[in-house]
Amino acid sequence: MPQALHESGGGSEGGLETIPVHLLESFLRQLSHDVRNDLNAMELLVSYVEYEKSDGDVGNALKQLHDAVRYGARRMLRVSRAVQVPDVEYIPYPVDIFLEDLRERVETERPELARRLVWERCDSRDVALVDAGLVLEAFVELLDNATAFSSSETSVHVKVESCDAGAKWTISQHASECPPGHEGWGRLPLVSTRRSHYGLGLCWVRRVLKAHRATIVFVYHAAEQKLATEVVFAVQS
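A quick note: this is a predicted structure, and the numbers were derived from the prediction, not measured. Residue positions are given per chain, counted from 1 along the sequence in the order it is written. Under the rules for a predicted model, residues below a pLDDT of 70 receive no local features and side-chain atom pairs below 80 are neither given nor counted, while totals for whole chains, interfaces and linings still include all residues. The basis for every side-chain value is the complete set of heavy atoms in the structure, and neither hydrogens nor water enter the calculation.

## Some points on the overall build of the protein
Argument step 1. The helix and strand inventory of the protein stands at 6 helices and 9 strands.
Argument step 2. We get accessible surface area from the Shrake-Rupley algorithm with a probe of 1.4 Å; when it comes to residues, only the shown protein chains can shield them. Accessible surface, the protein: about 13500 Å² in total, of which carbon and sulfur atoms supply 53%. Only DSSP runs of H or I covering at least 4 residues are called helices, and only runs of E covering at least 2 are called strands; the numbering of each starts at the N terminus.

As structure tokens, this is what we get:
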């Protein structure tokens, strides 16, 4: 198979990673399509403002233009961040405070996501050395993935507990059957089962967790019809 992109220490658990050309081509097509859509929307709004004489309508159009520019900028920032090696600055972070910070962030920034989540009480007093900004972003990505791959009528449960290896996070979602290939989610960049997605989110999450020496597995429990995302961080003794 033809090969295009080589990188060390990326989405795979170690060693050299090779990305097939057709995946890179598909990614670039999708990205250019999305950027063109963003720019076309901005162009239409600018044209409207140029010819519209009503102050009220102009003000509304300018607000839409501002939102469109901000959305396009965030998209490019997410793509840029996903292909970079994480720059980690560790701080001691109690896992119970981490849970509350994550909950507050989701409720503030992603209310539609927050409505799907059930947060279980955390009694752990473990403290992990992490980059707070990176791990919060990574967990938002994991929560988004869990809700995307479960029915909108079901809840996604979030739990933190102590285990022999450290602090264990479990994100549980309903799944009537075992998703094919779930064990390898995020190992290879540019592979996504969701239409019009880049296939970079879970790969970036794996990079962040690897930089923290944390582990992640996706486990299907057939009897309960649940898919669990399990993340374990080492903690301070």
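## A look at the environment of Val-160
Argument step 1. Relative to the helices and strands, Val-160 is located in strand β6 (residues 156-163).
Argument step 2. Classification of residues uses two cut-offs on accessible area relative to the type maximum, computed with a 1.4 Å probe and protein chains only: under 20% is buried, over 50% is exposed, and between them is partly exposed. For Val-160, a relative accessible area of 3% corresponds to the buried category.
Argument step 3. C-alpha of Val-160 to C-alpha of Ser-124: the two residues are 36 residues apart in sequence and 7.3 Å apart in space.
Argument step 4. With residues near it in sequence (within four places) discarded, Val-160 still touches Val-95, Leu-99, Cys-122, Lys-168 and Trp-169. Every residue pair with non-hydrogen atoms within 4.5 Å of one another is taken to be in contact.

## A short note on the sheet that holds strand β8 (residues 215-221)
Argument step 1. Strand order across the open sheet formed by 5 strands is β4-β6-β7-β9-β8, with mixed pairing between neighbours. In the strand order of this sheet, the two ends are held by β4 (117-119) and β8, each with one partner. Neighbour to neighbour, the strand axes of the sheet diverge by 25° on average, direction disregarded.
Argument step 2. As defined by bridge partners, strand β7 (residues 166-174) adjoins strand β9 (residues 226-233) across 8 bridges and the pair is classed as antiparallel. What sits directly across from Ala-167, in β9, is Phe-233.
Argument step 3. The sheet strands contacting helix α3 (residues 95-109) are β4, β6 and β7, and the helix crosses β7 at an angle near 35°.
Argument step 4. Contacting β8 and β9, helix α6 (residues 201-211) runs over the sheet at an angle of about 130° to β8. In short, DSSP must find at least two bridges between two strands for them to pair. To obtain an axis, a line is fitted to C-alpha atoms, over the contacting stretch when the element is a helix, and the angle between two such axes runs from 0 to 180 degrees between their N-to-C directions.

## Here's the deal with empty space enclosed by the protein
Argument step 1. Two kinds of site are reported from a 1 Å grid over the protein atoms alone, namely cavities, where a 1.4 Å probe fits but cannot get out, and pockets, open sets with protein on both sides within 12 Å along at least five of seven lines, and residues are called lining when an atom falls within 4 Å of a point. Grid points are joined across faces, edges and corners, and a volume is the space filled by probe spheres set on the points. Inspection of the entire model under this criterion finds 1 cavity of 30 Å³ or more.
Argument step 2. Considered as a void within the structure, the largest cavity measures approximately 50 Å³ in volume.
Argument step 3. Elements with a minimum of two residues in the lining of the largest cavity: α3, β5 (127-130) and β7.
Argument step 4. Under the scheme applied here, ten amino acids are nonpolar (Ala, Val, Leu, Ile, Met, Phe, Trp, Tyr, Cys and Pro), four are charged (Asp, Glu, Lys and Arg), and all others, including Gly, are polar. Of the residues in the lining of the largest cavity, the class split is 8 nonpolar, no polar and no charged.

## Side note on the environment of Val-208
Argument step 1. Mapped onto the fold, Val-208 is located in helix α6.
Argument step 2. Separated by 74 residues in sequence, Val-208 and Leu-134 have C-alpha atoms that sit 6.9 Å apart.

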